[in-house]
Amino acid sequence: MIILSPSILSADFAALARDVDVVTKAGAQYVHVDVMDGHFVPNITIGPCVVAALRKTTKSVLDVHLMIQNPNQYAEEFLKAGADIITVHHESNLNIKQIYSLTRAYGKKLCVSVNPETPVENLDQYSKFVDMFLVMSVHPGFGGQSFIESSVDKIKYLRTKYPNTDIEVDGGIKLDNLKMVIAAGANVIVAGSAIFEAQDPAAAVQKFIVGGV
Ligand code: DX5
Ligand code: ZN
């Protein structure tokens, strides 16, 4: 089953509760929350207080993508705020054992990601700790970029090696490349601009769900 995780990076930050409600009612199962610290990526976005505010407005799975240099320092704040999935980056200052124990203590899921320039084999070392892998298909930092084609082979590599692990893809996913990433093995699909910048975000969610079958 394909899971859609709309990225609120492209939503209206002054009306997040409304935008989350629209995509959830249209059938999206997750809400993708892009956290950026201005160090790991050249952009600053959302902190734990926004996750806590979202938690009060939705029962959906909060899929929190930490694009931050020191994930171990902040992961617990996001878990306390109500994150259901914490994604950290291989390229950050990551202590996997500590963050694994922490997410398990909260009964939540852990995911590790690689940036486009990082070979996918770097994820193998995390396989016994994670519930999900995330393949970044754009350079992290901004929504609305073009899909990087080499991500398809990374997804195939992970799906072949880890048939029972969730594989998420994030960046540049549109209706015209959706089938390709699903055929490669992705089962959790992040889409930001394709949904929230569409004229009708609810219709866009429905098209993604139909297109993903
Ligand atoms: C990029 C973020 C993505 C991004 C996706 O750093 O991690 O989640 O918002 O947006 P689109 O779908 O517009 O590429
Ligand atoms: Zn993301």
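Scroll up for the structure.
Residues numbered from 1 in each chain as written. Chains lettered and ligands numbered in written order. Predicted model: local features only at pLDDT ≥ 70, side-chain atom pairs only at ≥ 80, totals over all residues. Heavy atoms only, no water.

1. Here we look at the overall build of the chain
Part 1 of the argument: The helix and strand inventory of the chain stands at eight helices and eight strands.
Part 2 of the argument: Its C-alpha atoms put the chain at 40 × 35 × 30 Å along the principal axes.
Part 3 of the argument: Expressed as a percentage of its 213 residues, the buried residues of the chain come to 56%.
Part 4 of the argument: The long-range fraction of contacts in the chain, counting pairs at least 24 apart against all pairs at least 6 apart in sequence, stands at 62%.
Part 5 of the argument: Accessible surface, the chain as shown: approximately 9,200 Å² in total, 54% of it carbon and sulfur.
Part 6 of the argument: Of the charged side chains in the chain, 18 are positive and 22 negative, and the gap between their average positions amounts to 7 Å. (Helix = DSSP H or I, 4+ residues; strand = E, 2+ residues; numbered from the N terminus. Buried < 20%, exposed > 50% of the residue type's maximum accessible area, 1.4 Å probe, protein only. Contact = heavy atoms within 4.5 Å. Areas by Shrake-Rupley, 256 points an atom, 1.4 Å probe, with all protein chains shown as cover. Lys, Arg positive; Asp, Glu negative; His and termini not counted. Charge placed at Lys NZ, Arg CZ, Asp CG, Glu CD.)

2. Regarding the side chain of His32
Part 1 of the argument: By the secondary structure assignment, His32 is in strand 2 (residues 30-36).
Part 2 of the argument: A distance of 2.9 Å separates polar atoms of two side chains, one belonging to His32 and the other to Asp34.
Part 3 of the argument: Apart from the residues lying within four places of it in its own chain, the contact partners of His32 are Ser5, Pro6, Ser7, Ile8, Asp63, His65, Glu168, Asp170 and Val190. (Polar contact = N/O pair within 3.5 Å; in protein donor to acceptor, adjacent residues only side chain to side chain.)

3. Remarks on the site of ligand 1
Part 1 of the argument: Neighbouring ligand 1 are 20 residues; Asp34, Gly141, Asp170, Gly172 and Ser193 lie closest to it.
Part 2 of the argument: Here an oxygen atom of ligand 1 sits 2.8 Å away from a polar atom, N or O, in the main chain of Gly144.
Part 3 of the argument: In isolation ligand 1 has 380 Å² of accessible area, and contact with the protein removes 100% of it.
Part 4 of the argument: Sorting the residues of the shell around ligand 1 by element identifies strand 2, strand 3 (61-67) and strand 8 (188-191) as the ones contributing at least two each.
Part 5 of the argument: For the shell around ligand 1, the leading source of residues is strand 2, giving three residues.
Part 6 of the argument: Residue composition of the shell around ligand 1, by class: eight nonpolar, ten polar and two charged. (Near = heavy atom within 4 Å. Nonpolar A, V, L, I, M, F, W, Y, C, P; charged D, E, K, R; others polar.)

4. Notes on the coordination of the zinc ion (ligand 2)
Part 1 of the argument: Only His32 (NE2), Asp34 (OD), His65 (ND1) and Asp170 (OD) from the protein reach the zinc ion (ligand 2) as donors, at distances of 2.0 to 2.3 Å.
Part 2 of the argument: Between the six donor atoms coordinating the zinc ion (ligand 2), the angles at the centre fall across 69 to 170 degrees, so the site counts as octahedral.
Part 3 of the argument: Written as a sequence motif, the donor arrangement for the zinc ion (ligand 2) is H-x1-D-x30-H-x104-D. Each member of the pair His32 and Asp34 is classed as buried. (Donors = N, O, S within 2.8 Å, 3.2 Å for Na, K, Ca; no water. Tetrahedral: all angles 85-135°; square planar, octahedral: opposite > 155°, others 65-115°.)

5. Notes on the pattern of salt bridges
Part 1 of the argument: Enumeration according to the criterion identifies seven salt bridges in this entry.
Part 2 of the argument: Where Asp84 meets Lys108, a salt bridge forms, and the shortest distance between an N and an O atom there is 3.2 Å. Of this pair, Asp84 sits in the loop between helix 3 (71-81) and strand 4 (85-89) while Lys108 sits in the loop between helix 4 (96-105) and strand 5 (109-114), placing them 24 residues apart in sequence.
Part 3 of the argument: When its relative accessible area of 16% is taken as the criterion, Asp84 is described as buried.
Part 4 of the argument: Overall, Lys108 belongs to the partly exposed group, its relative accessible area being 25%. (Salt bridge = Lys/Arg side-chain N within 4 Å of Asp/Glu carboxyl O.)

6. Here we look at the sheet that holds strand 1 (residues 3-6)
Part 1 of the argument: Pairing within the open sheet is parallel, and its eight strands lie in the order 1-8-7-6-5-4-3-2. For this open sheet the edge positions go to strand 1 and strand 2, each flanked by a neighbour on one side alone. The mean angle between the axes of side-by-side strands here comes to 25 degrees, regardless of whether they run parallel or antiparallel.
Part 2 of the argument: Examined bridge by bridge, strand 3 and strand 4 share three bridges and lie parallel to one another. Residue pairing in the sheet places Asp63 in a bridge with Ile85 of strand 4.
Part 3 of the argument: Against the sheet, helix 2 (residues 48-57) engages strand 2 and strand 3, with an angle of about 170 degrees to strand 3. (Pairing = 2+ DSSP bridges. Axes fitted to C-alpha atoms, helices over the stretch in contact; angles between N-to-C directions.)

Read these as layout, nothing more, since geometry by itself doesn't imply function.
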